[in-house]
Each structure stands twice: as structure tokens, then as C-alpha cells.
Amino acid sequence: MQHILSDHPYFGAFFMMILSFFIFGLIIYLSSLVGKKFSNTSNEKLKTAIYESGPEAIKQPNRININFYLFGLLFILFDVEIIFMFPWAVNFKTLGMFGLIEMIMFLLFIFLGFMYAWSKGAFKWHSIK
């Protein structure tokens, strides 16, 4: 019968990780119990009112321009593609001609995607009106 390998170099780190997860879960559970115990559950009109003075909030349609999301998405897309170019630049000499041809093809695909987005009008800013 084999005992726990407490002489393993990572045993202490593993034990501390398991112990910290247990303590974290215990703290979350106890704080939710304390919150439920001491919370005021009466529904008063003053409790549900607006904190600061001012007009009552009304539901309005969302008027955020979709171009914000499109620009963000295109930024992330091209930013991640540029990040892929860094390891190639670091290892340029070791990759040789094969690496150069692969990067030219990669840049060609980036350029084709850019031209497609441009032809669809992704970079034109439309009025909100």
C-alpha cells in the first residue's frame, strides 16, 4: 500500500492551492449567509425610488451606433494578426525562404480581408440620425 507522496516538490503548492479554494468557497458561503440574515427584506416605496432627485427614468431605445462594435471587432482582428508577425520577425533568419513565403501569404490574406471590409463599407462612418 502506497502513502501520499508528501515528499514530492510540488506537494506543498498543490496542497496550498486546494486549501485556498476551500477557504475561498467557505468565505463566499458564509458572507452570503450573513447577508441573508441581516438584510432588510421589507419592500418600501422609498427603497425602490431613485436615489438622487430628478425625472423618472423611462425606457428609451438603444441608439448606440453599430460602427463602434464594427471598429472594435476590426481592431481586435488586425491587432491579433499583427501579434502573429512578431515571432516571425524574431526568427526571420532561421525560417529562411519558407518563412518569408508563408508571411507573404499571411499578409496577402490580411490585405484581402481589409479590402473586403473596405468594399463592404466597414470603414465609412454613418450618421446616427
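One can find the structure itself at the top, above this paragraph.
Residues numbered from 1 in each chain as written. Predicted model: local features only at pLDDT ≥ 70, side-chain atom pairs only at ≥ 80, totals over all residues. Heavy atoms only, no water.

Participant: Give a detailed account of the nonpolar core, specifying residues and quantitative values.
Facilitator: Counting 5 residues, the largest nonpolar core is built from L74, F78, I110, A117 and A122. Counting only elements with at least two residues in this core, the list comes to helix 2 (66-83) and helix 4 (92-119). Not counting chain neighbours up to four residues away, the residues in contact with L74 comprise A117, A122 and F123. (Core = buried A, V, L, I, M, F, W, Y, C linked by side-chain atoms within 4.5 Å. Buried < 20%, exposed > 50% of the residue type's maximum accessible area, 1.4 Å probe, protein only. Helix = DSSP H or I, 4+ residues; strand = E, 2+ residues; numbered from the N terminus. Contact = heavy atoms within 4.5 Å.)

Participant: Talk me through helix 2; I want residue IDs and the actual numbers.
Facilitator: Here helix 2 spans 26 Å end to end across 18 residues, near enough to the 26 Å set by a 1.5 Å rise per residue. Where helix 2 is buried, its residues touch helix 3 (85-90) and helix 4. (Expected span 1.5 Å × (residues − 1).)

Participant: Talk me through a nonpolar patch on the surface; I want residue IDs and the actual numbers.
Facilitator: On the surface, F15, M16, L19, F22, I23, L26, I27, Y29, L30 and L33 cluster together into a nonpolar patch covering about 980 Å² of accessible area. Here F22 lies in helix 1 (residues 11-38). Taking relative accessible area as the criterion, F22 reaches 56% and is therefore assigned exposed. (Patch = residues over 30% accessible without salt bridge, like charges linked within 9 Å, V, L, I, M, F, W, Y side chains within 5 Å. Areas by Shrake-Rupley, 256 points an atom, 1.4 Å probe, with all protein chains shown as cover. Salt bridge = Lys/Arg side-chain N within 4 Å of Asp/Glu carboxyl O.)

Participant: A description of the packing of aromatic side chains should follow, citing residues and the corresponding values.
Facilitator: Taken as a whole, this structure holds 5 aromatic pairs when the rule is applied. Ring geometry for F84 and F106: centres 6.5 Å apart, planes at 80°, overall edge-to-face. Of this pair, F84 sits in the loop between helix 2 and helix 3 while F106 is found in helix 4, placing the two residues 22 residues apart along the sequence. Arranged with centres 5.8 Å apart and planes meeting at 70°, the rings of F114 and W118 form a pair that is edge-to-face. A residue pair is termed a helical-turn pair when its members lie 3 or 4 positions apart in one helix, as F114 and W118 do in helix 4 at 4 residues. Cluster of aromatic residues (ring-pair linked, three or more members): F78, F114 and W118. (Phe/Tyr/Trp six-rings, centres within 6.5 Å; stacked < 30°, edge-to-face > 60°.)

The quantities given are spatial measurements derived from coordinates; they are silent on function.
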